Amino acid sequence: MYAVAGATGRVGAATARHLLENGAEVRVLVRDRERGGEWMRQGAEARVVDLGDRAALRDAITGCDGLFVLLPFDLTVDDLDAYADAVTSSVAGAVADSGISHVVMLSAGGADLPHGTGPIAGLHRMEQALQATGTVLTALRSGHFQEKVGDLIAAARAGVYPVFAASADVPLPMVATRDLGATAARALVSPDVASTSIDVVGPAYSEREVATVLGAALGRELEVVVLPEDAWAPALIDAGFRPHVAESLAELARADERGMLAPRGDRAVRVETPIEATIAGLLAA
């Protein structure tokens with residue numbers, strides 16, 4: 001039996017689906033009872049659990065052979081660090097209390113660094129806290145999600161593709177969340193004997209190449225606008241983000257520019273879903 005947190009999100013859902021398709025028993029952890037019902041109709045067990053509720057999470061994962069967990073990014077909170085630390089404390093506490101032997105965590109490139117990486121610093125602290133429980137931790141460190149382009153579709157429909165980087169022409173690995181889910185499922189079923197970090201590396205694209213694919217899918221040419229660094233936080237604030245969140249996301253973009261998010265895990269897994277397939281799925285949805 002494998003417990004899967006975040007089953008209503010992209011990576012958690014892909015993980016649960018892959019496990020079910022391969023005959024595993026799955027217990028999804030959801031915050032919405034109705035969404036739990038959808039998973040039960042697909043053959044999974046469902047528990048309504050908030051990751052911030054240590055006791056409920058402990059009960060939900062006790063007896064399971066493995067847990068897939070993540071740190072949900074909530075960009076509406078008053079303090080990103082305090083929120084990350086509260087969730088981390090609850091999850092690590094539940095893992096320690098339950099004695100579960102293996103945890104697969106959705107982490108990110110740069111999570112080996114303690115600071116200077118915006119919201120990824122919270123993933124660093126979560127990795128550290130889970131390792132301290134004595135469980136075997138498999139940290140999946142991905143680069144850019146291909147699905148991040150979904151945040152730009154509205155701007156693209158207006159003909160603009162903004163880029164938060166010094167250049168739109170530097171290829172970077174981009175991972176489809178379906179591939180992350182498949183990788184997480186395989187890691188759960190075939191755990192390592194000791195804690196390890198795995199870089200999940202997708203095909204590389206420049207932002208200009210992504211804009212070209214998105215524009216073709218929308219039937220229009222997009223203007224690629226490279227924003228200067230001092231405009232990143234103001235642009236995010238104009239887009240509706242609170243100032244402290246905008247500053248954190250701008251720090252993340254700066255870290256990416258400086259190579260701080262590059263793969264540095266114990267080993268790498270390469271995945272192949274092309275950006276064209278991901279964009280087609282986003283637009284169809």
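Placed above this text is the structure.
Figured I'd write up the structure that's included with this text.

What counts, and where the lines are drawn
- Residues numbered from 1 in each chain as written.
- Predicted model: local features only at pLDDT ≥ 70, side-chain atom pairs only at ≥ 80, totals over all residues.
- Heavy atoms only, no water.
- Salt bridge = Lys/Arg side-chain N within 4 Å of Asp/Glu carboxyl O.
- Helix = DSSP H or I, 4+ residues; strand = E, 2+ residues; numbered from the N terminus.
- Buried < 20%, exposed > 50% of the residue type's maximum accessible area, 1.4 Å probe, protein only.
- Contact = heavy atoms within 4.5 Å.

Remarks on the pattern of salt bridges
- Under the criterion given, the structure shown has 13 salt bridges.
- Put simply, Arg 58 and Asp 59 hold a salt bridge, and the shortest N to O gap is 3.0 Å.
- A salt bridge links Asp 192 to Arg 267; the nearest nitrogen and oxygen atoms lie 3.2 Å apart. Taken together, the residues span a long stretch of sequence, with Asp 192 in the loop between helix 7 (177-189) and strand 10 (196-201) and Arg 267 in strand 13 (residues 267-270) at a distance of 75 residues.
- Residue class for Arg 267 comes out partly exposed when judged on its relative accessible area of 38%.
- Members of the salt-bridge network, linked through shared partners, are Asp 81, Asp 85 and Arg 125.

Here's the deal with the environment of Val 103
- If you trace the backbone, Val 103 turns up in strand 5 (residues 102-108).
- The exposure class assigned to Val 103 is buried, which follows from its relative accessible area of 0%.
- For the pair Val 103 and Met 260, spaced 157 residues apart in the sequence, the C-alpha separation amounts to 25 Å.
- The contact partners of Val 103, leaving out residues within four places of it in the chain, are Leu 67, Val 69, Val 95, Leu 130, Thr 135, Val 136, Leu 137 and Thr 138.

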